[in-house]
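# Structural features, examined
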Amino acid sequence: MLIASQLRAARAMTGMTVEDLSAASGLSKSAIEEAEAAQVFADAGVTERLRTIFESRGILFLGAGEGDDPGAGPGVRLRQQFHDEGIRPQNLNAANDG
């Protein structure tokens, strides 16, 4: 379950506005704003839809104690973006030779 601060951080890390997120998720702007302002866990249906959008944009959601510091609270990370390096030598074959 995601908390409001994770949702706000994920949106900031992806550079998305509330309007962008609304368009991408099909949720109303007010539903997103309510989830980001929640003092307790936001609606599970809303957070799961937002999780899917953010994860597709490289966000990793961390639970309490996950990651580098076992004493840390919940958080977010941005996946490294790898450049397309083409086909690896071990995957070359006649079908993809070109």
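In what follows, the structure referred to is the one given above.
Residues numbered from 1 in each chain as written. Predicted model: local features only at pLDDT ≥ 70, side-chain atom pairs only at ≥ 80, totals over all residues. Heavy atoms only, no water.

### Here we look at the nonpolar core
By size, the foremost hydrophobic cluster in this structure holds 16 residues, and its most contacted members are Leu7, Leu21, Ile32, Leu50, Phe54, Ile59 and Phe61. The set of elements that each furnish at least two residues to this core consists of α1 (4–14), α2 (18–25), α3 (29–37), α4 (44–56) and β1 (59–62). In terms of residues, this core owes the most to one element, α4, which gives four residues. (Core = buried A, V, L, I, M, F, W, Y, C linked by side-chain atoms within 4.5 Å. Buried < 20%, exposed > 50% of the residue type's maximum accessible area, 1.4 Å probe, protein only. Helix = DSSP H or I, 4+ residues; strand = E, 2+ residues; numbered from the N terminus.)

### Observations regarding the packing of α1 against α4
Packing of α1 against α4 brings their axes to within 11 Å, and their N-to-C directions diverge by 25°. Regarding the angle of α1 to α4, the classification is roughly parallel. Crossing of α1 against α4: the hand is left-handed. The residues of α4 that touch α1, namely those facing Leu7, Ala10, Arg11 and Thr14, are Thr47, Leu50 and Phe54. (Axes fitted to C-alpha atoms, helices over the stretch in contact; angles between N-to-C directions. Parallel < 35°, antiparallel > 145°, perpendicular 65-115°, else oblique. Left-handed = near helix turned anticlockwise from the far one by under 90°. Contact = heavy atoms within 4.5 Å.)

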